[in-house]
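# Residue-level structure breakdown
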Amino acid sequence: MHQLNADLHCHSTVSDGWLDPADVVRRAQANGVEVLALTDHDELGGLERAAKTAAELGVRFVPGVEISVSFAGETVHIVGLGIDPDESGIVSGLKQVRAGRDARARRIADALAAVGIQGALEGAHRFARNPALVSRAHFARHLVASGVMPDVRTVFDHYLVRGKPGFVEHEWATLEEAVGWIIGAGGVAVIAHPARYRLSAADMNRLLDRFVAAGGEAIEVVSGAHSEDEMRRFATIARQRSLLASRASDFHGEKESPVDLGRCNPLPPDLTPVWSRFI
Ligand code: AMP
Ligand code: MN
Ligand code: MN
Ligand code: MN
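This report concerns the structure included in the present document.

### Things to note about the coordination of the manganese ion (ligand 3)
Protein-derived coordination of the manganese ion (ligand 3) comes from Glu66 (OE), His77 (ND1) and His193 (NE2), at a distance range of 2.1 to 2.2 Å. The sequence pattern formed by the donor residues of the manganese ion (ligand 3) is E-x10-H-x115-H. Taken as a pair, the manganese ion (ligand 3) and the manganese ion (ligand 2) lie 5.6 Å from each other. Within this pair, whereas His77 is found in strand E4 (residues 74-81), its partner His193 is found in the loop between strand E5 (188-191) and helix H8 (201-213), the two being separated by 116 residues in sequence. His193 matches His77 in its accessibility class, with the two residues each being buried.

Here it is as structure tokens:
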């Protein structure tokens, strides 16, 4: 049977994507996406424009967000799907999360200055279309543009991950806050790209336990950030824990993303797709 081409995680210029919200939708439609969620980091500002373009092009649109969470010393991302972007709890929660990003960006710039890279804050801001949402990706793009490193991945490996000189610790939302905001806004909470977290097996189990206890219901089984082995591992977890399964490119832009909009593998057919909630 035909499985819908759903892509339920991607980024626009409202966070650290390269395309503005309308262009994300146009590209998704051109790639055959039938159900699309825009999920900018800690931001809802692109949803209205994306929804409008999706309606014009006949793409089913699911309003989304990707919330930054601190868990067991790691940053974990929780996607919210089908949220009401005007609901006051999520609006004020995300405002708090974004407020912390400014001070963090200054600390990243100070840390880079200490190893001889001056002007990184201004440089990152030149790549950030939304001044309230400076991400490590913007620092990475600036370091590539200024010739410090050949590509974004190499910048992360040398400067922006834990243990490297431009990495700073930061307290994001708690898991319970993020899931609570999503549910309060009428949405479904999804653990984003679970294979990307450096968590012990015990901590991964605790993450799943606490996520479910807080009301979380879904997990990205197919992700642009997952290998086929990782996909199988999280398909098994989705079955064991009766979680809904999501399919997500996590597209940021042509030059940076391994998987384009709508071009992920299909979900294993026995899993219940999270989009069954929206269509
Ligand atoms: P931030 O929310 O500021 O910590 O930035 C996280 C973003 O940086 C992610 O959403 C990705 O867009 C990007 N990112 C994180 N790790 C890497 C990596 N190893 N290579 C390329 N991009 C990365
Ligand atoms: Mn990103
Ligand atoms: Mn993420
Ligand atoms: Mn993402």
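### Digging into the coordination of the manganese ion (ligand 4)
Binding of the manganese ion (ligand 4) to the protein goes through His9 (NE2), His11 (NE2), Glu66 (OE) and Asp250 (OD), at separations of 2.1 to 2.2 Å. Read N to C, the donor residues that coordinate the manganese ion (ligand 4) are spaced as H-x1-H-x54-E-x183-D. Judged by relative accessible area, His11 falls into the buried class, the value being 1%. Since its relative accessible area comes to 13%, Asp250 is described here as buried.

### Points about helix H3 (residues 88-114)
Given a rise of 1.5 Å per residue, 27 residues ought to cover 39 Å, and the 40 Å separating the end C-alpha atoms of H3 matches this to within 8%. Along H3, the residues classified as buried are Ile90, Gly93, Leu94, Val97, Arg98, Arg101, Arg104, Ala105, Ile108, Ala109, Ala111 and Leu112. The secondary structure elements touched by the buried residues of H3 are strand E3 (60-71), helix H4 (120-127), helix H5 (136-145), helix H6 (152-160) and helix H7 (175-184). N-cap assignment for H3: the residue whose side-chain oxygen lies 3.2 Å from the backbone N of Gly89 is Glu87.

Rules and cut-offs
- Residues numbered from 1 in each chain as written.
- Chains lettered and ligands numbered in written order.
- Predicted model: local features only at pLDDT ≥ 70, side-chain atom pairs only at ≥ 80, totals over all residues.
- Heavy atoms only, no water.
- Donors = N, O, S within 2.8 Å, 3.2 Å for Na, K, Ca; no water.
- Helix = DSSP H or I, 4+ residues; strand = E, 2+ residues; numbered from the N terminus.
- Buried < 20%, exposed > 50% of the residue type's maximum accessible area, 1.4 Å probe, protein only.
- Expected span 1.5 Å × (residues − 1).
- Contact = heavy atoms within 4.5 Å.
- Polar contact = N/O pair within 3.5 Å; in protein donor to acceptor, adjacent residues only side chain to side chain.

Interpretation note: all reported values are geometric properties and have no functional meaning in isolation.
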